[in-house]
2 protein chains.
Amino acid sequence: MQMDTSVTSATPPAVPLDATQRAARQQEVVAALLKVLPARSVLWRDEAVTPFECDGLTAYRQRPLAVALPETHEQVGAVLAACHALQVPVVARGAGTGLSGGALPHAEGVTLSLARLTRIVRIDPLARTAVVECGVRNLAISEAAAQHGLYYAPDPSSQIACSIGGNVAENAGGVHCLKYGLTVHNVLRIRGFTIEGEVLELGSGALDSPGLDLLAAFIGSEGLLGVATEITVRLLPKPQVARCLLASFDDIGKAGDAVAAIIGAGLIPAGLEMMDRPMTVAVEDFVHAGYDLSAAAILLVESDGSPEEVEEEIARLAAVLQTAGATRLDVSESEAQRLRFWSGRKNAFPATGRISPDYLCMDASIPRKQLATMLHAIEGMQQTHGLRCVNVFHAGDGNMHPLILFNANEPDQLKRAEAFGNEILRTAVSLGGSITGEHGVGVEKLDAMCVQFTDSERQQMLAFKAAFDPQGLLNPGKAIPMLSRCGETRQAPGGAMGRTPALEAALKDLPRY
Amino acid sequence: MQMDTSVTSATPPAVPLDATQRAARQQEVVAALLKVLPARSVLWRDEAVTPFECDGLTAYRQRPLAVALPETHEQVGAVLAACHALQVPVVARGAGTGLSGGALPHAEGVTLSLARLTRIVRIDPLARTAVVECGVRNLAISEAAAQHGLYYAPDPSSQIACSIGGNVAENAGGVHCLKYGLTVHNVLRIRGFTIEGEVLELGSGALDSPGLDLLAAFIGSEGLLGVATEITVRLLPKPQVARCLLASFDDIGKAGDAVAAIIGAGLIPAGLEMMDRPMTVAVEDFVHAGYDLSAAAILLVESDGSPEEVEEEIARLAAVLQTAGATRLDVSESEAQRLRFWSGRKNAFPATGRISPDYLCMDASIPRKQLATMLHAIEGMQQTHGLRCVNVFHAGDGNMHPLILFNANEPDQLKRAEAFGNEILRTAVSLGGSITGEHGVGVEKLDAMCVQFTDSERQQMLAFKAAFDPQGLLNPGKAIPMLSRCGETRQAPGGAMGRTPALEAALKDLPRY
């Protein structure tokens, strides 16, 4: 697609400031912030901004010029207007639990922490909606809605801590998104501000809203288009009952094919998760969930609804799983047992921390029917890269989280782990999948974007970004790589994300329009 | 919002060609089309292009330079590439049933008729999806899905004739969209072409797709961003049973308030339509639906689902309606009776044609709680403008279709009808509503866009359009007015859409963020 040439203006300032210049700039920026915020809301001393130097992707760290902690919507708008006037980059930050570095500060920018906007504005039980400020924790919405028998469905693993604003920025998913959708399917309206500090309103409380429908494009845009401060979410009635089915398989490929068979039979379970044996062994040792350690892989399949619906669905699921070669089936007979089944899955990441000093969490998505192929490919990659990989993931929607185990104290291992990860992402793309399922691109997957998208596709994204933020001040250097970066990536040697001749060949064979 | 200044390049060529220049241009364009299409697929003689000179908004007519009738996806791409190479405007056209002139030809452009792409590619009963070409009729999808007990929910009145591609362009609604959503809620994926003839793919068969989510922004963009050729829609299981409740009210305001009360009680009927007495009288004379002609207004309320669900919902609906002051309630006791209840609503437009030589169909949307205010305001406007207005509309989602009756043979009447219509739209905006609910902006509501949106909002839309189509070749002069046009509109006298001081005052009192 031929593009508007002005998009190059979205490039952030290229030459870094030296120490003296930086100090002067910091003074200027802090002075501007103090004009619109109380002193308690502006941090700039090293010790004060250090807690903000990274998000959940701790491998990347950077201190910003200053951290702004507004307490009202108006202050958010005023901070943005002040930064725009000074042409300072702005990185919005929720709870800082993101896994792809989307909230990594900019060395010459302001980190706009939204952690103090934590008001639940309104819950409307008849309309089944909640209006909340962006800093409200994901789980706090469900807690507040519980008195009406309602809850907010998307449930990322970090839901105790992560904020709804961050969920919007990353289009967060979770265990239940197979049946109930991602953040984008559960948000009705967003109010916030543009980089100029002007009010931005997307979506509505009604079926549709006037003008272009940019709500879905905003959700998952990783802070590149604007800053959301008030979010209206859809609430759902809590299911009367939920039961969990635990299925064992003697081959990881069979487990993958079973997932495809379930969906192929027209069944949409409330959750459909997979763990391989190395993962169940690590977990079982930690939380004693009662997993079958003789299985090469297990599936956790959840059914929810009325007691009659659940009974019928569990029966259909069991039949499909048996046909698919399950060697053992257990159905939870009590809520306590159901929670025990899930306790293993929920503690998979900390359990991994117990068996390896470090791990790299990947976030590839692939078509479900390719699960077996991908799992076998990862088995092979363990030999190539000389590192172990354990698997736990949202199998139902093909969103994999291979955890590559390594020891960062041996520098060679980090490099090998990254090469391993890149090979997983390249393979995902070649199988018709995507480099990210729910964690976002951030800084972590910038190079992978060069594999996933062509120059013209990325140019289109940059043009869209420029329509909101022509100077490229919002979260520069994240999510969408500049064309020049992809040029360099492609010339990089084997370990990097460049398209190899083999990958080019594989991509050519994909079904295309 | 500060905008990319390059958007002015989206302006279509301003100076019209004279007759000789036009003939030369036509020859050039036809020659280019004949290089990529068979002779049977290129029309340019006056008698051949005349059937394409308008869509359902017959007040505007224009013959294009040529009409292209591609028969394959590849031909659509080739036509676009050819037009792009010659910098010729392109107006895509589905079945031509649109009511806002979105498919009105461009005098110096090509009309790209998609009427020959009518293949139902695939129905997947387990995934509950259908993949269809853009020229497939809306109703043909449900007909093809019926063997699996499935159907496509959005049902515009023109569903026998209108195409799914046109539905996508206008984000079509219908009687059932209150419960089942508009086109945007029922389309999963779009494949098509950019103005350069490059492949465009938005959405996916999965929960989400990589990159920016532009599917929702594309749906309803009235042919300004690209041309969709293949559409994947969601299918729903046909409800086991449906029943219709007919409620009479002795005051139109009470009927409006009853609608708000139903939704306020947490009930979402499958359909919730209102007709006022002048409308029921016209209809009853035509189809004998059995309406209560003593009522100032009637509501048609549909419930669908399992027999138990419907019985429970009908009981709750009846209770709310009685409390809201209904003077009579009838519930359909058979499918034949239900269809007879609906026959009046479905024939409202032809029935209006029998009582008035001409009518103007408006398409304003307002918050449901403002229905009574709006209906009383329209009663008053009949006096001011000396014309009658009958009302039939989707009350449940606040989408009104006032039909202004006039006689075009008396030129003064058309002008008065337009002034009446403009007053309705201005009032809708001042009540917090929108100038269009489901018919789109097209050419009809360009001036009204100046009332609904500020300069900076329209500039944002133009920048977004420019990211897809920098030269402004796709359907120029539609949907988004140029800033200069709104400048002129605002200076125009009373009858036009300019914001009057009274309206400005009313807008100021609206709850704002």
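Residues numbered from 1 in each chain as written. Chains lettered and ligands numbered in written order. Predicted model: local features only at pLDDT ≥ 70, side-chain atom pairs only at ≥ 80, totals over all residues. Heavy atoms only, no water.

K.L.:
Describe the overall build of chain A, with residues and values.
P.N.:
Counting its secondary structure elements, chain A contains 18 helices and 18 strands. Taken over C-alpha atoms, the radius of gyration comes to 23 Å for chain A, in line with the 24 Å a tight globule of 513 residues would show. Along the three orthogonal principal directions, the C-alpha set of chain A runs to about 65 × 60 × 45 Å. Counting only residues that meet the buried cut, chain A has 58% of its 513 residues in that class. Taking all contacts inside chain A whose residues are at least 6 apart in sequence as the whole, residues at least 24 apart take part in 73%. Only carbon and sulfur atoms are counted for the fraction: they give 53% of the accessible area of chain A, which is about 19600 Å². Between the centroid of the 43 positive side chains of chain A and the centroid of its 57 negative side chains there is a distance of 2 Å. (Helix = DSSP H or I, 4+ residues; strand = E, 2+ residues; numbered from the N terminus. Rg over C-alpha atoms; globule rule 2.2 N^0.38 Å. Buried < 20%, exposed > 50% of the residue type's maximum accessible area, 1.4 Å probe, protein only. Contact = heavy atoms within 4.5 Å. Areas by Shrake-Rupley, 256 points an atom, 1.4 Å probe, with all protein chains shown as cover. Lys, Arg positive; Asp, Glu negative; His and termini not counted. Charge placed at Lys NZ, Arg CZ, Asp CG, Glu CD.)

K.L.:
Please set out the nonpolar core residue by residue, giving values where relevant.
P.N.:
By size, the foremost hydrophobic cluster in this structure holds 225 residues, and its most contacted members are Leu321(A) and Leu321(B). Look past the residues within four positions of Leu321(B) in its chain and what remains in contact with it is Leu245(B), Ala247(B), Phe249(B), Ala258(B), Ile262(B), Leu299(B), Val301(B), Ala326(B) and Leu329(B). Val283(A), Tyr291(A), Trp342(A) and Ala348(A) belong to the second largest nonpolar core, which has 21 residues in total. (Core = buried A, V, L, I, M, F, W, Y, C linked by side-chain atoms within 4.5 Å.)

K.L.:
Which residues make up the state of the cysteines, and what values do they have?
P.N.:
Applying the stated criterion across every chain yields a total of 2 disulfides over all chains. A sulfur-sulfur distance of 1.9 Å marks the disulfide that ties Cys450(A) to Cys486(A). What sets the handedness of the Cys450(A) and Cys486(A) disulfide is the S-S torsion sign, and at about -80 degrees it is left-handed. Taken together, the residues span a long stretch of sequence, with Cys450(A) in helix α15 (residues 446–452) and Cys486(A) in helix α17 (residues 483–491) at a distance of 36 residues. Free cysteine Cys361(A): the closest other cysteine sulfur is in Cys389(A), separated by 9.8 Å. Free of any disulfide, Cys244(B) has its nearest cysteine sulfur in Cys177(B), 16 Å distant. (Disulfide = S-S within 2.5 Å.)

K.L.:
Break down the pairing of strand β13 (residues 271–276) of chain A for me, with residues and values.
P.N.:
Residues and elements named next belong to chain A. Here β13 lies mainly inside the structure; 6 of its 6 residues are buried. The pairing of β13 with strand β14 (residues 297–305) spans 6 bridges and is antiparallel. Across the sheet, Glu 273 pairs through a bridge with Leu 300, a residue of β14. Inspection of the sheet shows β13 paired to strand β17 (residues 389–393) by 2 bridges, in the antiparallel sense. (Pairing = 2+ DSSP bridges.)

K.L.:
How would you explain the relation of the copies chain B and chain A if you had to name every residue and give the values?
P.N.:
Once chain B is rotated about the relating axis by 180 degrees and shifted along it by 0.0 Å, it coincides with chain A to within an RMSD of 0.0 Å. A rotation of that kind, with that shift, is consistent with a two-fold axis. Most of the interface of chain B is mirrored in chain A, where 100% of its interface residues are also at the interface. (Least-squares fit on C-alpha atoms with pLDDT ≥ 70 in both.)

K.L.:
Explain the sheet that holds strand β2 (residues 66–68) of chain B residue by residue, including any values.
P.N.:
Residue and element names in this part refer to chain B. Judged by pairing direction, the sheet is mixed, and its 4 strands sit side by side in the order β1-β2-β4-β3 without closing on themselves. Looking along the sheet, the strands with just one partner apiece sit at the ends: β1 (42–43) and β3 (90–93). Bridge count for β1 against β2 is 2 bridges, and the pairing is antiparallel. Paired with Val 42 across the strands is Ala 68, a residue of β2.

K.L.:
I'd love a proper account of the interface of chain B and chain A, names of residues and values included.
P.N.:
Each partner contributes to the interface: chain B provides 53 residues, whereas chain A provides 53 residues. Taking both partners together, chain B and chain A bury about 4200 Å²; carbon and sulfur atoms supply 63% of that area. The interface formed by chain B and chain A includes 0 salt bridges. Put simply, chain B and chain A have 2 residue pairs in polar contact (both at pLDDT 80 or more) between them. Contributions of two or more residues to the side of chain B that touches chain A are made by α3 (73–86), α6 (177–180), β8 (187–193), β9 (199–203), α7 (215–218), β10 (227–234) and α16 (455–468) of chain B. No other element matches the 8 residues that α16(B) contributes to the side of chain B that touches chain A. For the side of chain B that touches chain A, a count of residues per class yields 26 nonpolar, 19 polar and 8 charged. (Buried area = accessible area lost by both parts, 1.4 Å probe. Salt bridge = Lys/Arg side-chain N within 4 Å of Asp/Glu carboxyl O. Polar contact = N/O pair within 3.5 Å; in protein donor to acceptor, adjacent residues only side chain to side chain. Nonpolar A, V, L, I, M, F, W, Y, C, P; charged D, E, K, R; others polar.)

K.L.:
Can you explain the confidence of the model for chain A? Please cite residues and give values.
P.N.:
Residue and element names in this part refer to chain A. Overall, the prediction assigns chain A a mean pLDDT of 90, with 92% of residues at 70 or greater. Low pLDDT, under 50, characterises residues 492–513; the predicted model gives this stretch 40 contacts beyond four residues in sequence or across chains. Predicted complex, confidence summary: ipTM 0.78, pTM 0.85. (pLDDT = per-residue confidence, 0-100.)

K.L.:
I'd love a proper account of the side chain of Asn171(A), names of residues and values included.
P.N.:
Along the polypeptide, Asn171(A) turns up in the loop between α5 (164–170) and α6 (177–180). Excluding residues within four positions of it along the chain, Asn171(A) makes contact with Leu182(A), Thr183(A), Val184(A), Ile219(A), Gly220(A), Glu438(A) and Asp208(B).

K.L.:
Please set out the pattern of salt bridges residue by residue, giving values where relevant.
P.N.:
Residues and elements named next belong to chain A. In total, this model carries 48 salt bridges over all chains according to the counting rule given. One salt bridge in this structure joins Glu 333 and Arg 243, with 3.3 Å as the shortest N-O distance. Taken together, the residues span a long stretch of sequence, with Glu 333 in the loop between β15 (328–331) and α11 (335–346) and Arg 243 in strand β12 (residues 241–249) at a distance of 90 residues. Take Arg 243: its relative accessible area is 22%, and that puts it in the partly exposed class. Connected via shared salt-bridge partners are Arg 189, Arg 191, Glu 201 and Glu 230.

K.L.:
If you had to explain the environment of Val283(A) to someone new, which residues and values would you point to?
P.N.:
All names here are of chain A. With respect to the secondary-structure elements, Val 283 resides in helix α9 (residues 277–287). Val 283 gets classed as buried once you look at its relative accessible area, which sits at 0%. When near neighbours in sequence (up to four residues on either side) are disregarded, Val 283 contacts Met 275, His 288, Tyr 291, Gly 344, Asn 347, Ala 348 and Ala 351.

K.L.:
Lay out the packing of aromatic side chains in plain terms, naming residues and giving numbers.
P.N.:
Applying the stated criterion to the full structure yields 7 aromatic pairs over all chains. Ring centres of Phe349(A) and Tyr359(A) lie 6.2 Å apart, and the angle between their planes is 80 degrees; on these two criteria the pair is classed as edge-to-face. Here Phe349(A), found in helix α12 (residues 348–355), pairs with Tyr359(A), found in strand β16 (residues 358–361); they are 10 residues apart in sequence, far enough to count as distant. Assessed through its relative accessible area of 22%, Phe349(A) is described here as partly exposed. Centroid distance Tyr151(B) to Tyr180(B): 6.4 Å. Interplanar angle 85 degrees. Geometry classified as edge-to-face. Of this pair, Tyr151(B) sits in strand β7 (residues 150–151) while Tyr180(B) sits in helix α6, and the two are 29 residues apart along the sequence. (Phe/Tyr/Trp six-rings, centres within 6.5 Å; stacked < 30°, edge-to-face > 60°.)

K.L.:
Can you explain the environment of Leu150(B)? Please cite residues and give values.
P.N.:
Residue and element names in this part refer to chain B. Locating Leu 150 in the fold gives a position in strand β7. Along the primary structure Leu 150 and Ala 448 are separated by 298 residues, whereas in three dimensions their C-alpha atoms are 39 Å apart. With residues near it in sequence (within four places) discarded, Leu 150 still touches Pro 125, Arg 128, Ser 142, Ala 145, Leu 235, Leu 236, Pro 237 and Lys 238.

K.L.:
Give a detailed account of the sheet that holds strand β4 (residues 110–113) of chain A, specifying residues and quantitative values.
P.N.:
All names here are of chain A. A sheet is described by the order of its strands in space; here 4 strands give the open sequence β1-β2-β4-β3, paired in mixed fashion. Lying at the two open borders of the sheet, with one neighbouring strand each, are β1 (42–43) and β3 (90–93). Docked against the sheet, helix α3 (residues 73–86) engages β2 (66–68), β3 and β4, running at close to 170 degrees with respect to β4. (Axes fitted to C-alpha atoms, helices over the stretch in contact; angles between N-to-C directions.)

K.L.:
Tell me what's going on with a negative patch on the surface, and back it up with residues and numbers.
P.N.:
On the surface, Glu308(A), Glu309(A), Glu311(A) and Glu312(A) cluster together into a negatively charged patch. With respect to the helices and strands, Glu311(A) occurs in helix α10 (residues 307–323). (Patch = residues over 30% accessible without salt bridge, like charges linked within 9 Å, V, L, I, M, F, W, Y side chains within 5 Å.)

K.L.:
Describe the packing of helix α1 (residues 19–36) of chain A against α3(A), and please don't skip the residues or the numbers.
P.N.:
Residues and elements named next belong to chain A. Axis separation between α1 and α3 bottoms out at 9 Å; the angle between their running directions is 150 degrees. Viewed along their axes, α1 and α3 form a crossing whose handedness is right-handed. Only Gln 75, Ala 78, Val 79, Ala 82 and Leu 86 of α3 make contact with α1, whose side of the interface consists of Arg 25, Glu 28, Val 29, Ala 32, Leu 33 and Val 36. In terms of residue class, the contact of α1 with α3 is built from 8 nonpolar, 1 polar and 2 charged. (Left-handed = near helix turned anticlockwise from the far one by under 90°.)

K.L.:
Any details on the environment of His376(A)? Residues and values, ideally.
P.N.:
Within the fold, His376(A) resides in helix α13 (residues 371–385). For His376(A), the residues in contact, after removing those within four places along its chain, are Asp251(A), Ile252(A) and Gly253(A).

K.L.:
Account for α3(B), with residues named and values stated.
P.N.:
Residues and elements named next belong to chain B. Taking 1.5 Å of rise per residue, the 14 residues of α3 would be expected to cover 20 Å, and the 20 Å separating its terminal C-alpha atoms lies within 8% of that figure. What α3 keeps buried is the set His 73, Gln 75, Val 76, Gly 77, Val 79, Leu 80, Ala 82, Cys 83 and His 84. Once α3 ends, the next one or two residues include Gln 87, with phi positive near 55 degrees. (Expected span 1.5 Å × (residues − 1).)

K.L.:
Outline the packing of helix α8 (residues 252–264) of chain A against α13(A), listing residues and values.
P.N.:
Residue and element names in this part refer to chain A. Between α8 and α13, the least distance of the axes is 7 Å, while the angle of their chain directions is 155 degrees. Between α8 and α13, the angle falls in the class roughly antiparallel. In this structure, the crossing between α8 and α13 has a hand that is right-handed. Of α13, the residues touching α8 (which contributes Ile 252, Gly 253, Gly 256, Asp 257 and Val 259) are Leu 371, Ala 372, Leu 375, His 376 and Glu 379. Its residues assigned to classes, the contact of α8 with α13 shows 5 nonpolar, 3 polar and 2 charged. (Parallel < 35°, antiparallel > 145°, perpendicular 65-115°, else oblique.)

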